[in-house]
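Inside the fold
So you can see what is in the structure, the chains are spelled out below.
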Amino acid sequence: MKVLVIGGGAREHALCRSLSLDPDVTALHCAPGNAGIAEVAELHPVDQMDGAAVAELATGLGAGLVVVGPEAPLVAGVADAVRRAGIPCFGPSKEAAQLEGSKAFAKDVMAAAEVPTARSYVCTTAEEIDEALDAFGAPYVVKDDGLAAGKGVVVTDDVAAAREHALACGRVVIEEFLDGPEVSLFAITDGETVLPLQPAQDFKRALDDDEGPNTGGMGAYSPLPWADPKLVDEVMASVLQPTVDELRRRGTPFSGLLYAGLAITSRGVRVIEFNARFGDPETQVVLARLKTPLARVLLHAAKGTLDTEPPLTWRDDAAVTVVVASHNYPGTPRTGDPIEGLEDVAAEDAPHAYVLHAGTKRDGDAVVSAGGRVLSVTATGKDLTEARERAYRAVGRIRLDGSQHRTDIARKAAEAQPGA
């Protein structure tokens, strides 16, 4: 089949890489893509927020499947426009994507489905904000109700900073702090059947030891050697299936990728947030471990026939991804700097390590930075220790003036492995 992927980040590069290795995929296209995706897919200029333009492109290409990567086009209804054109699309409808587009909507769905999550208040006035902050106390958790590219959440002991963020958001969700480690668990669903993927953990803070400001994610790893082996089954039963069932009951079935951000608290698993698409950078490590060819699974989800698909199969390897970010990220990033060493990684580290592009573009013969998170350097190994060593060896070959990356991705988990 011909597949069109919408988006231009490292998540989309990971998707395109997996699809390019799938023998069922006869032609792979991406819009708008980036410099790295251009090596595995044909790129097309398109406004990814324009559903009519995306549908027109997919029709012209004769695409048999469209995969919408980022959250903003999904919340804008791009998947609906593609489906109206008669083309199977992996990604939820505009209404179902509100599970990510509105924190308040997600809380309402979770309450109806009896999904365990943090107690919370939805606030729209200064008085409501002050009451909620006072009710929960420190540490304060303040979430912009709408999309904020992974940076709309503030967790702080400073009540003034919490109040400032809340007032800047307009509509805001203030909730109790959840203790314990965080886990990301993805599931592919057609609105009825749910196929879970393997759990991963990402690193949100900009600096080592979880210091610095929140980011879109600075790295990730999978599997989680410290997690309960029954975790996936538990989350399927208490979170994923009830949420999918509740959305179907409401007449807004969720078809696509349901992402549950979880806290493993002293009182059990609690949902921190839902996303309506593959997470970035967790996708990079989860797909690195997926053995099942990807295209057929996504197509069954898009067509509502996921019940015909057997359970997913996985490699025993561990995977680690390290994000290389621009100078000043997550503030206004510096762009246009040349990136060197990409050929060295391909020559010296493949196939165990490779570079997935995020904020990059071509400038003549050079590849230059074009965003905050520039590259996701991903590696696999027999365990997390080997995957980490391979990932950081590859990172060391890359030269980008002023760039930054964390040095502790998966370090604690690797140290906690049996035999470490």
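An account of the accompanying structure is given in this report. Just so it is clear, the model here is predicted, and its values are computed rather than measured.

**Examining the overall build of the protein chain**
Helix and strand counts for the protein chain come out as 14 helices and 22 strands. The C-alpha radius of gyration computed for the protein chain amounts to 20 Å, which stays within 12% of the reference 22 Å derived for 420 residues, consistent with globular compactness. If you line up the protein chain on its principal axes, its C-alpha atoms span 55 × 45 × 45 Å. Sorting the 420 residues of the protein chain into buried and exposed places 57% on the buried side. Contacts in the protein chain between residues far apart in sequence, at least 24 positions, make up 69% of those at least 6 positions apart. Only carbon and sulfur atoms are counted for the fraction: they give 49% of the accessible area of the protein chain, which is about 16,700 Å². Taking the 40 positively charged and 61 negatively charged side chains of the protein chain as two groups, their mean positions are separated by 2 Å.

**Focus on the packing of helix α1 (residues 10–20) against helix α10 (residues 282–289)**
Running from N to C, α1 and α10 cross one another at 15 degrees; their axes reach a closest spacing of 8 Å. Compared by their axis directions, α1 and α10 come out roughly parallel. In this structure, α1 crosses over α10, and the sense of that crossing is left-handed. Contacts between α1 and α10 involve Ala 10, Arg 11, Ala 14, Leu 15 and Ser 18 from the first element and Thr 283, Gln 284 and Leu 287 from the second.

**Topic: the nonpolar core**
With 77 residues, the main nonpolar core has Leu 4, Val 66, Leu 240, Phe 274 and Val 320 as its most contacted residues. Here the element with the most residues in this core is helix α9 (residues 231–249); it accounts for eight residues. Setting aside residues no more than four positions away along its own chain, Phe 274 makes contact with Leu 99, Glu 100, Ala 106, Met 110, Val 239, Thr 243, Leu 258, Tyr 259 and Ala 260. Core analysis: the second largest hydrophobic core is formed by 43 residues, Ile 37, Ala 41, Leu 257 and Leu 290 among them.

**A few points about helix α11 (residues 294–303)**
Of all 10 residues in α11, seven are buried; the element is thus mostly enclosed. Looking one or two residues past α11, Gly 304 carries a phi angle of roughly 80 degrees, positive in sign.

**Re the sheet that holds strand β19 (residues 353–357)**
Taking strand neighbours across the sheet as the criterion, the five strands line up as β12-β15-β18-β22-β19 in an open arrangement whose pairing is antiparallel. Whereas interior strands pair on both sides, the edge strands pair on one side only; in this sheet they are β12 (201–202) and β19. Bridge count for strand β15 (residues 219–222) against strand β18 (residues 318–325) is four bridges, and the pairing is antiparallel. Considered in β18, the bridge of Tyr 221 is made with Val 320. Along the sheet, α1 makes contact with β19 and β22 (373–381), crossing β19 at roughly 125 degrees. With respect to the sheet, helix α13 (residues 384–395) is in contact with β15, β18, β19 and β22, its orientation differing from that of β18 by roughly 30 degrees.

**Focus on the packing of aromatic side chains**
As enumerated under the stated definition, the model contains five aromatic pairs in all. Between Tyr 121 and Phe 136, the ring centres sit 5.3 Å apart and the planes meet at 45 degrees, which makes this aromatic pair tilted. Taken together, the positions of Tyr 121 in strand β6 (residues 120–123) and Phe 136 in helix α7 (residues 126–136) put the pair 15 residues apart, joining distant regions of the chain. Geometrically, the ring pair formed by Phe 186 and Phe 278 is edge-to-face, given 5.8 Å between the ring centres and 85 degrees between the ring planes. In this pair, Phe 186 is assigned in strand β10 (residues 182–189) and Phe 278 in the loop between β17 (268–275) and α10, connecting sequence segments 92 residues apart. Considered together, Phe 186 and Phe 278 belong to a single accessibility category, that of buried residues. An aromatic cluster of three or more residues is present, and its members are Phe 90, Phe 186, Tyr 259 and Phe 278. A cation over an aromatic ring shows up here: Arg 17 above the ring of Tyr 354, its NZ or CZ 3.7 Å from the ring centre.

Scoring rules and cut-offs
Residues numbered from 1 in each chain as written. Predicted model: local features only at pLDDT ≥ 70, side-chain atom pairs only at ≥ 80, totals over all residues. Heavy atoms only, no water. Helix = DSSP H or I, 4+ residues; strand = E, 2+ residues; numbered from the N terminus. Rg over C-alpha atoms; globule rule 2.2 N^0.38 Å. Buried < 20%, exposed > 50% of the residue type's maximum accessible area, 1.4 Å probe, protein only. Contact = heavy atoms within 4.5 Å. Areas by Shrake-Rupley, 256 points an atom, 1.4 Å probe, with all protein chains shown as cover. Lys, Arg positive; Asp, Glu negative; His and termini not counted. Charge placed at Lys NZ, Arg CZ, Asp CG, Glu CD. Axes fitted to C-alpha atoms, helices over the stretch in contact; angles between N-to-C directions. Parallel < 35°, antiparallel > 145°, perpendicular 65-115°, else oblique. Left-handed = near helix turned anticlockwise from the far one by under 90°. Core = buried A, V, L, I, M, F, W, Y, C linked by side-chain atoms within 4.5 Å. Pairing = 2+ DSSP bridges. Phe/Tyr/Trp six-rings, centres within 6.5 Å; stacked < 30°, edge-to-face > 60°. Lys NZ or Arg CZ within 6 Å of the ring centre and 35° of its normal.

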